[in-house]
Every structure is written in structure tokens, then in C-alpha cells.
Amino acid sequence: CIDNDARILEGMRLLLEGWGCKVDTASGSAAAQAAGAATPDIVLADYHLDGETGLDVIRKLRALWRADIPAVLVTADRSNEVRAAANQMDIPVINKPMKPATLRSMMERMRRLAPAAE
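Numbering of residues starts from 1 in every chain and runs along the sequence as written. For a predicted model such as this one, the threshold for reporting local features is a pLDDT of at least 70, and the threshold for listing and counting side-chain atom pairs is 80 or more; totals across whole chains, interfaces and linings nevertheless cover every residue. Neither water nor hydrogens contribute to the side-chain values; these are computed over all heavy atoms in the structure.

Details of the overall build of the protein
Line of reasoning, step 1. A helix here means a DSSP run of H or I that spans at least four residues, while a strand means a run of E at least two residues long, and both kinds are numbered starting from the N terminus. A count of helical and extended segments in the protein gives five helices and three strands.
Line of reasoning, step 2. Each helix and strand of the protein, ordered N terminal to C terminal, gives the series α-α-β-α-β-α-β-α.
Line of reasoning, step 3. The 118 residues of the protein split such that 40% are buried.
Line of reasoning, step 4. Contacts are assigned to residue pairs with any non-hydrogen atoms lying within 4.5 Å of each other. Pairs at least 24 residues apart make up 60% of the contacts formed inside the protein by residues separated by at least 6 positions. When accessible area is computed with a 1.4 Å probe and restricted to protein chains, residues below 20% of their type maximum are described as buried, those above 50% as exposed, and intermediate ones as partly exposed.

Right under this line is the structure:
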């Protein structure tokens, strides 16, 4: 999970760990790259970060690990530009405020699609 708000990161950690996920959190690309040595199963990123965007971070992580890492952009930004940029990278968008059921459904869908990409 990548967000520049520590409270949101803690909330996401609690939610995801409650679902049985192992969660690494980061506030930007440098922290995300240092967060874990293993390739993540999925990246959940906010769009507006400090000095970069969630899409920038996802791009860097995909270059570091592998180009097909599943990712979801979780953002309050509802602009067509953000949605189009995410679409170009094959990244679905969930708008804030996010419903946990929506996130869980999206993660399940991404997990089911992941073996087909390998």
C-alpha cells in the first residue's frame, strides 16, 4: 500500500491484515522499493503523493520487479485525465471514499487474472 497519509496506511494495513494479507506500506517510490525484497502480489496506490503520483510509483515498481505486477489506484481524484492515465497502464481505479467490499472484489478479480498473465 502506498499513500502519503500515515493514518490511511495504518487503516489499510488493519483492513488487509484482517483479510489475511501480508502488508508492506510506503509513502512513495523510495520507501516502496525498500519495503520488501519480494515482488508484491498487488500494489494499492493513492494518486496524489508528495512529489510524485501513485502511477509514477507503480511504473517504478514494475520496472524494478516485473511489468505485469497487478495494481489498483485508490484515489479521490475523479478527473478524466487520471482515469485515462491509469487505463493506459491497465490499472483499475477505485474512488475514495472506498468501500472495503469494492476493494476486496477488485483484489479477487486481479488475483484471478494474475495466473493468466504469467
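A short note on the nonpolar core
Most often, soluble globular proteins have nonpolar side chains that are buried together.
Line of reasoning, step 1. As used in this record, nonpolar core signifies buried Ala, Val, Leu, Ile, Met, Phe, Trp, Tyr and Cys residues forming a set joined through side-chain atoms within 4.5 Å. Ile2, Val43, Leu55, Ile58, Leu73 and Ile91 are the most contacted members of the largest nonpolar core, which has 19 residues in total.
Line of reasoning, step 2. Every element with two or more residues in this core is listed here: β1 (43–45), α3 (54–64), β2 (71–75) and α4 (80–88).
Line of reasoning, step 3. Here this core gets four residues from one element, more than from any other, and that element is α3.
Line of reasoning, step 4. Setting aside chain neighbours within four positions, we find leucine 73 in contact with Ala45, Asp46, Tyr47, Gly54, Leu55, Val82, Ala86, Ile91, Pro92, Val93 and Ile94.

Structural notes on the state of the cysteines
Line of reasoning, step 1. Defined by distance alone, a disulfide is two cysteine sulfur atoms within 2.5 Å. This structure, assessed with the given rule, holds zero disulfides.
Line of reasoning, step 2. Among the cysteines around cysteine 21, which has no disulfide bond, cysteine 1 carries the closest sulfur, lying 8.6 Å off.

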